[in-house]
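Read off the chains here:
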Amino acid sequence: LFAVTDIEGLPTKQLPEMRRLLGVGWMASDSVDFEMALFVLGHSSVKKAAKQYKKTQKWRAQIGADAIRKAVRSEEPNHLQFPCSGAIQQAWPHNLSHLGTFCRDGSPMGVTRIGLADLSRLASSVKLEHFQTYMIYVFESRLWLLERLSLACGQLRQFVDVHDFTLKKGLIQTFGVHLEYLQWWVRGLSPHYPEQVRRIVLVNTPPLFAAAWFPSK
């Protein structure tokens, strides 16, 4: 295994400055260094990375994310065993934690069927707080996988996420309701798990999406 400081693509030379800004009380370890380096990578300055990292530590304490991390890292993660996995998968087919499939460059792949997401069914069968717990399990398992892959090969590994927009007849009528589930994923969760994704691939996008997307670019 490589050391975190030897992983190509990680800004590890900036970690001493990151630790200085964070102050005392931060235990050094490969896992902590890997995570902090991702925060540095995901922000325009070390100062901004440290500020967000402090916010993330408070968020983790409030929501109980450390206990989830311990559970995920105690054995090989299996998304089928995550809390409420069955009900969530029925309403929103996906595998964001890992398909067991890799790109040619060694990047792991994740897939979500956004077009098949039945948010009304999701809201009726899974409370928002339970969905939040499930998604923390997912993102913790992703981080754990990326750390192990990166340490094994000496290069930063990040996910290639494929979002399939294939629409199921009837779901388009309910797509705009209960968006708080997806909004929390994007706005409430993602800032605490930066730089997990190297590339996002959109497939089977409907004409309406393309008409809005390309002019915005």
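Calculation criteria
Residues numbered from 1 in each chain as written. Predicted model: local features only at pLDDT ≥ 70, side-chain atom pairs only at ≥ 80, totals over all residues. Heavy atoms only, no water. Helix = DSSP H or I, 4+ residues; strand = E, 2+ residues; numbered from the N terminus. Buried < 20%, exposed > 50% of the residue type's maximum accessible area, 1.4 Å probe, protein only. Contact = heavy atoms within 4.5 Å. Polar contact = N/O pair within 3.5 Å; in protein donor to acceptor, adjacent residues only side chain to side chain. Core = buried A, V, L, I, M, F, W, Y, C linked by side-chain atoms within 4.5 Å. Phe/Tyr/Trp six-rings, centres within 6.5 Å; stacked < 30°, edge-to-face > 60°. Lys NZ or Arg CZ within 6 Å of the ring centre and 35° of its normal.

S.K.: I tried to follow the overall build of the protein chain on my own but got confused; where do I start?
M.R.: When you go through the protein chain residue by residue, the secondary structure sums to 9 helices and 4 strands. Starting at the N terminus and ending at the C terminus, the protein chain contains elements arranged as α-α-α-α-α-β-β-α-α-β-α-β-α. A total of 217 residues make up the protein chain; the buried ones form 41% of that total. Contacts in the protein chain between residues at least 24 apart in sequence constitute 79% of all its contacts with a sequence separation of at least 6.

S.K.: Looking at this model, I keep getting lost on the environment of Asn95. Mind explaining?
M.R.: Relative to the helices and strands, Asn95 resides in strand E1 (residues 94–95). Remark: the alpha-carbon pair of Asn95 and Arg113, spanning 18 residues in sequence, is separated by 8.9 Å. If we ignore the near neighbours within four places in the chain, the residues touching Asn95 are His79, Gly110 and Val111. Here Ser97 takes part through its side chain, which lies 3.2 Å from a polar atom of the side chain of Asn95.

S.K.: How should I be thinking about the nonpolar core in this particular structure?
M.R.: Formed by 27 residues in total, the largest nonpolar core has its most connected members in Trp92, Leu122, Phe131, Met135, Ile136, Trp185 and Leu189. Mapped onto this core, the elements with two or more residues apiece are helix H4 (65–73), helix H5 (85–91), helix H6 (119–125), helix H7 (128–153) and helix H8 (180–189). Apart from residues lying up to four places away in sequence, Leu189 is in contact with Trp59, Met135, Ile136, Phe139 and Trp184. Counting residues in hydrophobic clusters, the runner-up holds 22 residues, among them Leu10, Met18, Phe34 and Leu151.

S.K.: Would you explain the packing of aromatic side chains in this entry?
M.R.: How two aromatic rings sit relative to each other is given by the distance of their centres and the angle of their planes. On inspection of all chains with the given rule, the structure shows 8 aromatic pairs. With centroids separated by 5.3 Å and ring planes inclined at 65°, the aromatic side chains of Phe131 and Tyr181 adopt a geometry described as edge-to-face. In this pair, Phe131 sits in helix H7 while Tyr181 sits in helix H8, placing the two residues 50 residues apart along the sequence. Here the aromatic rings of Phe139 and Tyr193 are separated by 5.5 Å at their centres, their planes lie at 50°, and the arrangement is tilted. One end of the pair, Phe139, is in helix H7; the other, Tyr193, is in the loop between H8 and strand E4 (197–203), with 54 residues separating them in the sequence. Residue classification places Phe139 among the buried residues on the basis of a relative accessible area of 7%. Members of the aromatic cluster, joined through ring pairs, are Trp92, Phe131, Tyr181 and Trp185. The ring centre of Phe159 lies 4.0 Å from the NZ or CZ of Arg142, which sits over that ring.

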